[in-house]
Amino acid sequence: QVQVVEAGGGFGQAGGSLRRACKASGSIYEINAMGWYRQAPGNQRELVAAISSGGSTNYADSVKGRFIISRDNAKNAVYLQMNSLKPEDTGVYYCNADCDTVVVGRKHYWGKGTLVTVSS
């Protein structure tokens, strides 16, 4: 079994900052990419940022220059530093880990998601 657990603040003000953290644990051989997704009310889930095991990053255009994704491979953890927040950043944020596991092989695992609200 693999668990993906998220942590961090869920409420911020426009122009401010928030930081989210996520850690994967369990029967994991290796974690490939890790990423953050969000789902705004009435919208589909979308990629916010992703990072490969080697540190290559990919960002949604809407967050480029404001959000920074990083990871600690030794801790199986990924972080999202959210700066210059905007009300449109509001949504449920999910962590995703692409894992090579002992039991089921390669599989994507999701955190439960956390509502992030940015007030204007």
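Figured I'd write up the structure that's included with this text.

Rules behind the numbers
- Residues numbered from 1 in each chain as written.
- Predicted model: local features only at pLDDT ≥ 70, side-chain atom pairs only at ≥ 80, totals over all residues.
- Heavy atoms only, no water.
- Helix = DSSP H or I, 4+ residues; strand = E, 2+ residues; numbered from the N terminus.
- Buried < 20%, exposed > 50% of the residue type's maximum accessible area, 1.4 Å probe, protein only.
- Contact = heavy atoms within 4.5 Å.
- Core = buried A, V, L, I, M, F, W, Y, C linked by side-chain atoms within 4.5 Å.
- Pairing = 2+ DSSP bridges.
- Axes fitted to C-alpha atoms, helices over the stretch in contact; angles between N-to-C directions.
- Salt bridge = Lys/Arg side-chain N within 4 Å of Asp/Glu carboxyl O.
- Phe/Tyr/Trp six-rings, centres within 6.5 Å; stacked < 30°, edge-to-face > 60°.
- Lys NZ or Arg CZ within 6 Å of the ring centre and 35° of its normal.

Of the regular secondary structure elements, the protein holds zero helices and eleven strands. Along the protein, from the amino end to the carboxyl end, the secondary structure elements read β-β-β-β-β-β-β-β-β-β-β. Considering only C-alpha atoms, the protein reaches an extent of 45 × 25 × 20 Å along its principal axes. The buried share of the protein, reckoned over its 120 residues, is 40%. Long-range pairs, those at least 24 residues apart, make up 54% of the contacts in the protein with a sequence separation of at least 6.

Located in the positive-phi region is Asn76, a residue other than glycine, with phi close to 55°. For Asn76, the position within the fold is in the loop between strand E7 (67-72) and strand E8 (77-82).

Moving on: the nonpolar core. Ranked by internal contacts, the top residues of the largest apolar core, which has 28 residues, are Trp36, Val48, Phe67, Ile69, Val78, Leu80 and Met82. Elements supplying a minimum of two residues to this core: strand E1 (2-8), strand E3 (18-26), strand E4 (28-39), strand E5 (46-51), E7, E8, strand E9 (91-101) and strand E11 (114-119).

Right, let's talk about the sheet that holds E8 for a bit. The strand order E1-E3-E8-E7 describes an open sheet built from four strands, whose pairing is antiparallel. The sheet is open, and its two edges are formed by E1 and E7, each paired on a single side. Strand-to-strand twist of the sheet, defined as the mean angle between neighbouring strand axes without regard to direction, takes the value 15°. Summarising the sheet, E7 and E8 pair through six bridges and their orientation is antiparallel. Of the residues in E8, the one forming a bridge with Phe67 is Met82.

This part is about the pairing of E11. For strand E2 (residues 11-13) and E11, the ladder comprises three bridges, and the chain directions are parallel. Note on E11: the bridge partner recorded for Gln13 is Ser119. Relative to E11, E9 runs antiparallel, the two sharing three bridges. Residue Gly91 lies in a different strand from E11, and its bridge partner there is Val116.

Our focus in this paragraph is the pattern of salt bridges. Applying the stated rule across the entire model yields five salt bridges. With its nearest N and O atoms 2.8 Å apart, the salt bridge here joins Arg66 to Asp89. In this pair, Arg66 sits in the loop between strand E6 (57-59) and E7 while Asp89 sits in the loop between E8 and E9, placing the two residues 23 residues apart along the sequence. Classification of Arg66 by relative accessible area gives buried; the value is 9%.

Taken as a whole and assessed by the stated rule, the structure comprises two aromatic pairs. Plain terms: the ring middles of Tyr94 and Trp110 are 6.4 Å apart, the flat faces sit at 85° to each other, and that makes the pair edge-to-face. Within this pair, whereas Tyr94 is found in strand E9, its partner Trp110 is found in strand E10 (residues 105-110), the two being separated by 16 residues in sequence. When its relative accessible area of 13% is taken as the criterion, Tyr94 is described as buried. Look at Trp110 and you get partly exposed, because its relative accessible area is 38%. An aromatic cluster is built from Tyr37, Tyr94 and Trp110, whose rings are joined through pairwise contacts. Of note, Arg45 hangs over the ring of Tyr94, and the distance from its end group to the ring centre comes to 3.7 Å.

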